[in-house]
Every structure is written in structure tokens, then in C-alpha cells.
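# An overview of the molecular structure
Listed below are the residues making up each chain.
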Amino acid sequence: MAMLPTRYYQIGGYQGHYKDIPDTLAQKFVGSNPDGVDLVLGIRPSGASYVLISQAQTEKIFGRPSYGSFWPAERFISLSPIHFATAEELATKLKAMTSKRTNKNEPRDRSKANTTYTTGGDGPSDKGTARAAFEHQRVLFRLCRREQFEPAHYALQPSPRLCETRVIALTYNLWTLDLRPLRDRMSDPFLLDFGWTEFTLPTASREFTATSSKHFVIEERRTLHNPRVVRSVFQNGSTENIIRSALDAQVQRLFAQLDPAQPILLFVHNEQATRAVLASLGVDTIQWKSGISDLLYRGADRAQRDPYNDRDRDRRQHEHNSWRDRGGYYPSRSRSPRRAADDRGRPRSPPPAPRRAAVHFVDVREMYLTLKDIVSTKDSINTNAIDLGIKLPQCTMVNNRGTDGQKPPAWLCWCAGNESRVLGQMWNTMVSDRTIDEQRIFRWSSELDTPLGGASTASTDALQATAEDDDEENFDPNDAVVPMGQAGGSASGAQGGAGQPAPEWDSDSDSDWD
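Here is a short report on the structure shown in this document. Quantities reported herein were computed from a predicted structural model and do not represent experimental measurements. (Residues numbered from 1 in each chain as written. Predicted model: local features only at pLDDT ≥ 70, side-chain atom pairs only at ≥ 80, totals over all residues. Heavy atoms only, no water.)

## A few points about the pairing of strand E7 (residues 191-200)
Which entries qualify depends on this criterion: Summary of the burial criterion: residues with accessible area below 20% of their type's maximum are buried, those above 50% are exposed, and those between are partly exposed, where the area comes from a 1.4 Å probe applied to protein chains only. In DSSP terms, a helix is any run of H or I states spanning at least four residues, a strand is any run of E spanning at least two, and both are numbered starting from the N terminus. Strand pairing is assigned whenever DSSP detects at least two bridges linking the two strands.
For E7, a buried count of nine out of 10 residues is recorded, marking the element as mostly surrounded by other parts of the structure. Looking at chain direction, strand E6 (residues 166-174) and E7 are connected through eight bridges and run antiparallel. Across the sheet, the residue bridging to Ala169 is Thr197, located in E7. Of the strand pairs in this sheet, E7 and strand E8 (residues 209-218) are connected by eight bridges, and their pairing is antiparallel. When the bridges of E8 are listed, Asp193 appears paired with Val217.

Listed below in C-alpha cells is the structure:
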């Protein structure tokens, strides 16, 4: 990952460059500007976040560039836009980032916003990677929408054709009563159906749009069902019954002739589980990458400048000396061992360029769990979508027998074709909204009972589902538990909860599928 060389100044917080009480700093940067202020949110490898301003932005706000110490872009693993409409909003953010130094022998950021992320040190962490990956998706959305967005402010080096990237949301449903050993279930998952939807990324004049969807039902398993849920009719086309061996060819054709110069964003609901399913279908995903950082910070058409180009290296050394003399910060580099005398004259050869991936996984489930700051083993596409405020497709049962005249709520229905569209909607609603911490507070402030940055006790099981009609008002999502076996698909296999068992929906008849 190579970011565009950009200098940042931290506003308040631990080791900040602009130091003052939050209210004073907020007035300095926002004042009475009716449009508020656009700044930069930087996330460290640990997951800690800070409010930054780029050198170009300081010129815009103050009419002159800032000098003195700064942070280089490489200090952060994501740099994304954050907007403050008023000075009060910025002051509130800065107060949460004010560090409380209670242990001088252990210097670290102890602010309410970041102490959770710095307890293990300042090094890389899974939380940091996930939080940065979430913000990368927000950056992609705004880059494509061109919402008064200056890529240089966020150290971006995107490919000019990034927003033409092909997007595929892929989903499936497994048989939850499969009792084979885990090794067998991982190597040959018991698929009931499989689906995908292709989308186009948004532009300045076009919304994020679904263009086509496919849905396949495994013919020899069509009499199998998962307890307490029903199969729904595919809403966006015709379902194709297909034998299991023929599904391999269909999926392999989807990923045929991959070209790193024209990558694919693959939306999934649990990357690890989806890799296993694709492997069972004969699709090699070893070279595919997680996340899109390489697409944002190293454009496919750009020259490999860092740090092997002699002219560029000399420029960096000149900047290092200049800023060091001014007392500024420039990232230090460890000294390399002195080379032998007979080796000094040999030119240095650049290492081979890293292989670019043709497919980049975007784990929408991980985005949701990271946004809400929870760990869950009882979630599905449908339950997570409801929690994000998404209206699920109308549940039209393949067969109405056994329902006693009741209509099941949409979250208890499964169809991989429908779920693939819902997965895209989940991505869109998260990336088009606020930054990760502000969005969590906005969406679930009434549920969160721990400080910002702490692990919430809120659970995806506590859903506030909106009734589709009077029949659905009798169903409470809290009464059902969804096992992780269906991480890649819908709420197939939902079990009755402790409060009240979910109804037994009958869908095991051959006639259900005809």
C-alpha cells in the first residue's frame, strides 16, 4: 500500500499538533461558518482514530500553510472525510479524544474514544484493520460520487477506472441439519441454493444500482429444508433448478478470464465461509485479496515510484533534511547494514512488483459487526439488514401449506437470489452515511450502554423489526436465534428462542418446488 505523500496536522487529542481546550479548537476551525468544516479522520493500525487536517486544507481555512511537525500519511491505515456541521459537533468529538494520562510509566492514548484500541499497544490489530476497511468503503463511495471530494486530501492514488469496477454480491444457503464432521462440511458445504447480483458503483448522476440477478436451487436437494423458516420465491427473475455438479460450471464461468487491470469487488457475508464454498465449487481464491486498500492507494496505471526511483528518493531526502532542520517530524528509517566495499558500486535492483489481485473481497457482515462494535454468532443477512433499517423483499412462499393462514415475516424467509440484492443494500446504506463512530451513535445510541470505542453489549438478536402488515405484528425477531452455519445466507435454520418458539413452517414437500 503506497499513499500519496501528504502532510497532516492532528487537531487535539493524544500527541496533537493543535493544542487547546476542545471548545477553543472547535471555534478556531469552524467558527461561524454556516457550511461547517470538512476534515480528515485518520485511523491508526491499532484502531485508534484522530481528527486531522491536511496541509492543503490549512491553506484553505487559514490562508497560509502550516509549518512545523506533522504526521505523514503512512502513519495511518485509512484517511477518510469527516464533516462537522457546527463548532459544537467538533468540540464534542475532540472532548471524546482528550487523553487522560493516569500512568506516566505507560504512555498511551487513554481517551474515551481510543483507550480500548490502545490497551494492547500501538501496533496492528484486527480491530484496526476492520475499522480502516470500513472507512475505505466510505472513501470509495465518495470518490465515485464526486461529492466535493479532493483525493489528494486523503492521500489517495486510485486507478482512473476504479469507479468502473465490476461489483458482484454473492450469497448462498446451507442445510443447517448437516451433522457431518466439520472438515467435511468445510470441504464440501451442503448447499441448498446459490445466488448473485451484479451492481454498478454510484456516480455523480447515478445511484448504486443492481443490474442483474441469478438464483440457482440444487435439484437433488430440493426436498430438504431448514427448520422454522421458509423458502421464498425469487423476486428478480426465474429460479433455475440445477444439479450440484452443474453449479460448479456456472460459478466458474462467473469468474472466468479475470484481469487484475479490471478487478472485481466481491460482496460477501462472511469471507472465510465464502472462500470455503467457492473452493468446493472449484474456484481458486488464494490470490484474491481482502479489502480494497490496494485499489485506493496504488493505482493500476501508476508508475512504481516509491522508493526505488532515484530522483524521487533524492527529493524525499531533501524534504527530510529541510523539515528536520525546522524541528519538524519526518518518519525515521532504521539504518541499513553497511555494504561491503566491492558491492557499493552495484546499482540497486527494484524488487518485483507485487501481484495485483483480480478479485477483492468486501465482507459486508464484518462491516456491520465492526460498525456496531459487537461480536455475534447469531446473525444473518436478513437480521443484520433489518438492524440497518433496510426493508426486506416481500416474503412470497413457494407453497402456503402449513401456515394456518398466517404470513411469515420477511426475515424468516430465505432465497439466495433475494439476499444477494439485500447484501448490496446493506453495503450502500453503511458507506453512504457518517464515519464509523458517528454512524454507530446515530443508528444505535439508545442501545449502546458503553463509552464510544468500547465493546458494546448490544446484540444483533435485539432487533426492532418494522411490521410489513398486521399479520407480521405477531412475530418478534427476538424470539428466534440464527446459527452461524448460515453466515453466507439468510436466516435459514432459525430456532425458537427462550421466549416463544417460532412457528413450524412446512416446506419439505416435493410439490413446494414445482
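## Here's the deal with unusual backbone geometry
In this structure, Gln257 takes a positive phi of about 55° despite not being glycine. By secondary structure assignment, the location of Gln257 is in the loop between helix H7 (244-254) and strand E11 (264-268). The class of Gln257 is exposed, set by a relative accessible area of 81%. One non-glycine residue, Asp373, adopts positive backbone phi at about 60°. We classify Asp373 as buried; its relative accessible area is 9%.

## Details of the sheet that holds strand E5 (residues 78-84)
We apply this condition: What makes two residues a contact is simply this: any of their non-hydrogen atoms within 4.5 Å. To get an axis, fit a line to the C-alpha atoms, keeping to the stretch in contact for a helix; angles then go from 0 to 180 degrees between the N-to-C directions.
Pairing within the open sheet is antiparallel, and its five strands lie in the order E4-E1-E3-E2-E5. The sheet terminates laterally at strand E4 (71-72) and E5, the two strands that pair on one side only. Here strand E1 (residues 7-10) runs beside strand E3 (residues 49-54); their pairing, made up of three bridges, is antiparallel. When the sheet's bridge partners are listed, Tyr8 is paired in E3 with Ser54. Where helix H3 (residues 87-96) meets the sheet, it contacts strand E2 (37-43), E3 and E5, and its direction lies at approximately 135° from that of E5.

## Some words on the state of the cysteines
As used in these notes, a disulfide is a covalent bond between sulfur atoms, one from each of two cysteines. Quick reminder of the rule: Throughout, a disulfide means two cysteine sulfur atoms within 2.5 Å of one another.
Tallying each qualifying case throughout the model produces two disulfides. Across the disulfide from Cys144 sits Cys163; the S-S distance is 2.2 Å. When the S-S torsion is -95°, as for the bridge of Cys144 with Cys163, the disulfide is left-handed. Of this pair, Cys144 sits in helix H5 (residues 126-145) while Cys163 sits in the loop between H5 and E6, placing them 19 residues apart in sequence. Under the relative-accessibility criterion, Cys144 is labelled buried at 3%. On the basis of relative accessible area, Cys163 is assigned to the partly exposed category, the value being 24%. Put simply, Cys395 and Cys413 are joined by a disulfide, and their sulfur atoms are 1.7 Å apart. A torsion of -80° about the S-S bond marks the disulfide between Cys395 and Cys413 as left-handed. Of this pair, Cys395 sits in the loop between helix H12 (381-387) and strand E14 (413-414) while Cys413 is found in strand E14, placing the two residues 18 residues apart along the sequence. Just as Cys395 is buried, Cys413 falls in that class too.

Everything listed is a geometric property; what it means functionally is a separate question.
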